[in-house]
Amino acid sequence: MEIKTIVTTPFQDQKTGTAGLRKKVSVFSQENYLENFIQSIFNAVPGFQGKTIVLGGDGRYYNAHAIQVIVKMAAAQKVGRIIIGQNGLFSTPAASNLIIKRKAFGGFILSASHNPGGKNGDFGIKFDLSNGGGAPEAVTDRIYEETKKITSYQIADTPDIDISQIGEFSVGETVIEIVDSVKDYVEFVKGIFDFDALKGLVSSENFKMRYDAMNGSTGPYAVRIFEEILGAPKGTVLRGTPMEDFGGGHPDPNLTYAKELVDLMYSDEGIDFGCAADGDGDRNMILGNHFFVTPSDSLAVITANYEKVPYYKGKVKGVARSMPTSRALDDVTAALGLKAYETPTGWKYFGSLMDAGLISFCGEESFGTGCSDLREKDGIWAILYWLSILAATGKTVQEVVQEHWRRYGRHYYLRYDYETLETEDALNFMDYLRSQFGKITRMGEETVKSFEEWNYTDPATGEVALKQGIIVLFESGSRIVFRLSGTGSSGKTLRIYLEKYEKESSRLNKEPTEVIKPLFEGMAKAVSLSDRINREYPTVIT
Ligand code: G16
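Values in this document were obtained by computation on a predicted structure and should not be read as measured data.

Calculation notes
Positions within a chain are numbered from 1, following the residues in the order the chain's sequence is written. The predicted nature of this model means local features are confined to residues of pLDDT at least 70 and side-chain atom pairs, given and counted, to a pLDDT of 80 or more, with totals for whole chains, interfaces and linings taken over all residues. Note: side-chain values were computed over all heavy atoms of the structure, leaving out hydrogens and water. Labels follow the DSSP assignment, with helices taken as runs of H or I lasting at least four residues and strands as runs of E lasting at least two, numbered in each case from the N terminus. Throughout, the radius of gyration refers to the C-alpha atoms, and the reference size of a globule is 2.2 Å times the residue count to the power 0.38. Exposure categories follow from relative accessible area, calculated using a 1.4 Å probe and restricted to protein chains: below 20% of the type maximum is buried, above 50% is exposed, and the middle band is partly exposed. Throughout, a contact is declared for two residues whenever any of their heavy atoms are within 4.5 Å. Pairing between two strands is assigned when DSSP locates at least 2 bridges connecting them. Angles shown run from 0 to 180 degrees and are taken between the N-to-C directions of axes, each axis being a line fitted to C-alpha atoms and, for helices, limited to the stretch in contact. Should an angle fall under 35 degrees it is called roughly parallel, over 145 degrees roughly antiparallel, and 65 to 115 degrees roughly perpendicular, with every other angle called oblique. A crossing counts as left-handed when the near helix is turned anticlockwise from the far one by less than a right angle, and as right-handed when that turn is clockwise. Residues are grouped as follows: Ala, Val, Leu, Ile, Met, Phe, Trp, Tyr, Cys and Pro are nonpolar; Asp, Glu, Lys and Arg are charged; all remaining types, including Gly, are polar. Between rings of Phe, Tyr and Trp, where Trp is taken as its six-membered ring, a pair exists when centres lie within 6.5 Å; planes separated by under 30 degrees are stacked, by over 60 edge-to-face, and by other angles tilted. Ring-over charges, as used throughout, are those where CZ of Arg or NZ of Lys falls within 6 Å of the ring centre and within 35 degrees of the ring normal. Working definition of a nonpolar core: buried Ala, Val, Leu, Ile, Met, Phe, Trp, Tyr and Cys residues. They are joined through side-chain atoms within 4.5 Å. Nearness of a residue to a molecule or strand requires only that one of the residue's heavy atoms be within 4 Å of it. For this analysis, a polar contact is any N or O atom pair within 3.5 Å, provided that within protein one partner can donate a hydrogen and the other can accept it, and provided that sequence-adjacent residues contribute only side-chain to side-chain pairs. Residue-level accessible areas treat just the shown protein chains as cover; the underlying method is Shrake-Rupley with a 1.4 Å probe.

**Student:** Would you mind going over the overall build of the protein chain in detail, with residue names and values included?
**Tutor:** Within the protein chain, the secondary structure is distributed over 17 helices and 27 strands. What you see for the protein chain is a C-alpha radius of gyration of 23 Å, in line with the 24 Å of a compact globule of 542 residues. Overall, the C-alpha framework of the protein chain stretches about 75 × 60 × 40 Å when taken along its three principal axes. Counting all 542 residues of the protein chain, 59% fall into the buried class. Contacts spanning at least 24 positions in sequence make up 73% of the contacts within the protein chain whose residues lie at least 6 apart.

Dropping the structure here:
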């Protein structure tokens, strides 16, 4: 097998964001763009030779091509073994599980997660380390440095491989192992949850659930777990076929993009439990009948009920949330005497806390929840966890959450996203906010207690991440966070996270929009939001 060295020139825009490199397919399909990035990973992270790696993705457009390129480039590096999901499919948590289980050196996850797919959509690559989690910033910075100075890459001159059949064969010195994408992940969740108890609930005639796979990677996982193993009727899994363009949809499980599921849950069909996962299966949404659980509340409820999942009984010592995630979790950790950690946005920041044994659960307001048994967030894990709570308590989703609010109070919470802003407007706005630290003392009815930049020091590694968001804390306990997204593929996305705490029992069941509105309006006026970002309305409110 001949190994070719191809001369190339660097691209200047291969800096990874919150979760890997995400770009439009048209950007990735420029000559040598993908190859440069992959070679930069090999250059920045020595030691691939002879080792095992995991490779797969969410089935979006460009995955099939990228897999062939990565196989040939990995063969050129004399990687020992490449474990590939059949047809190239792995959900992100399933890939993380395999990296850990097979003690792999790392993994390439091909996904732009919840971003739209197809020829005109996004593609992405995330490099995970041997702990099964996204490479930390120290590593991604090294990769970025390599992308800026790369002059050539190596690639094996060999035909494309067949990834449609389970089995093993070789490309040069590299063994290719095509595996059932679902099997190991099913074993993983079976090791955590009581499948007999879950079967009792899920297969019961009195319980109806729907799982929206959004035509992403989790369809086959959900069919196997919910329909085939737990006995839910056929048709429980909606949009279960993975598609290159996610059926033209936006595979993000929230009230806007999983609208059909939401409509079903708010109809008179009498569905008890609704859930969805995103394109690569790491995000999740939980719904009850006529009821939506915010991701921040979901994390708090999961933590508050950890003794209901026998596997976690007595095991949970600490829990983490990303900074913008509501502080509902903090009430629970304080009451249960658990250690609480606050990290920057992005799952990779939880990894070191897990590696240090500090946390068992973690979550983000962006529909991410997970556990330290993996290093990626995990939609199906969260869904099985919720089903376990329902099975153990015999309560509905709504009853579980409302009981939680009565005990701990409710953190009303909304996130306003302003997508594809002009980069200059967005950056200027953040600088303007900085210029107002200590100057703005009131926003509408609220009195400002503090207004500052949030910087982070990892308690396990001492690593520092600066400027991870701007926080306005009010005397009332309300809070607003501003930050720019690190996952967008064009322009800038401004996220504004608004939170208001309520303990008074008569005010626990209000509409979040109604409760948050004055907080938003007071802020918008105080900082002249629309004028500064040149945008009247948010693109999405979640
Ligand atoms: C967004 C979310 C983050 C999340 C990240 C990656 O980042 O706000 O909480 O960690 O996406 O999520 P996924 O892997 O599901 O794409 P950002 O920087 O756009 O806010």
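On we go.
**Student:** Account for the sheet that holds strand S24 (residues 470-474), with residues named and values stated.
**Tutor:** Read from one edge of the open sheet, seven strands run S20-S21-S24-S25-S26-S19-S27, paired in antiparallel fashion. The open sheet has two edge strands, strand S20 (442-443) and strand S27 (540-541), and neither has a second partner. Across two bridges, S20 lies against strand S21 (residues 446-453) in antiparallel orientation. The residue of S21 that forms the bridge with Met443 is Glu446.

**Student:** Explain the packing of helix H6 (residues 183-192) against helix H8 (residues 219-229) to me, and be specific about the residues and the numbers.
**Tutor:** Relative orientation and spacing of two packed helices are given, respectively, by the angle between their axes and the distance between those axes. Two numbers describe how H6 lies on H8: the axes approach to 10 Å, and their chain directions differ by 55 degrees. Classified by the angle their axes make, H6 and H8 are oblique. When the axes of H6 and H8 are compared, the crossing they make is right-handed. On H8, the residues that touch Lys183, Tyr185, Val186, Val189 and Lys190 of H6 are Tyr221, Arg224, Ile225 and Ile229. Classifying every residue of the contact of H6 with H8 by side-chain character gives six nonpolar, no polar and three charged.

**Student:** So, the environment of Asp196: which residues are in play, and what are the values?
**Tutor:** Tracing the sequence through the fold places Asp196 in helix H7 (residues 195-202). The spacing of Asp196 and Ser450 is 254 residues in sequence and 50 Å in space, taken between C-alpha atoms.

**Student:** Talk me through the packing of aromatic side chains; I want residue IDs and the actual numbers.
**Tutor:** Enumeration over the complete set of coordinates arrives at 31 aromatic pairs. Relative to Tyr221, the ring of Tyr185 lies with its centre 5.7 Å away and its plane at 80 degrees, an arrangement referred to as edge-to-face. With Tyr185 in helix H6 and Tyr221 in helix H8, the pair connects residues that are 36 residues apart, well separated along the chain. Summarising the burial analysis for this pair, Tyr185 and Tyr221 share the class buried. Relative to Trp405, the ring of Phe291 lies with its centre 5.9 Å away and its plane at 45 degrees, an arrangement referred to as tilted. With a gap of 114 residues between them, Phe291 in strand S14 (residues 291-293) and Trp405 in helix H14 (residues 397-408) connect regions that are remote in the sequence. For Trp405, a relative accessible area of 4% translates into the label buried. Three or more aromatic residues link up through ring pairs in this structure, and these residues are Phe11, Phe28, Tyr33, Tyr61, Tyr62 and Phe123. In this structure, Lys315 is placed above the aromatic ring of Tyr311, and the distance from its NZ or CZ to the ring centre is 3.4 Å.

**Student:** Just give me the short version of the nonpolar core, but keep the residues and values in it.
**Tutor:** In summary, soluble globular proteins display a tendency toward joint burial of nonpolar side chains. Tyr211, Phe226, Phe273, Phe361, Trp381, Leu384 and Leu387 are the most contacted members of the largest nonpolar core, which totals 66 residues. For this core, the element with the highest residue contribution is helix H13 (residues 379-393), accounting for ten residues. What Leu387 contacts, discounting residues up to four positions off in sequence, is Leu198, Leu201, Val202, Phe207, Met209, Phe226 and Phe273. Counting 45 residues, the second largest nonpolar core, distinct from the first, contains Ile38, Ala44, Ala66 and Phe127.

**Student:** With reference to specific residues and values, describe the site of the ligand.
**Tutor:** The environment of the ligand is made up of 21 residues, and the closest members are Thr18, Ser485, Gly486, Thr487 and Arg495. The contact in question runs from an oxygen atom of the ligand to an N or O atom on the side chain of Glu364, over 2.7 Å. Burial of the ligand by the protein chains amounts to 98% of its free accessible area of 460 Å². Looking at the shell around the ligand residue by residue, the class counts come to two nonpolar, nine polar and ten charged.

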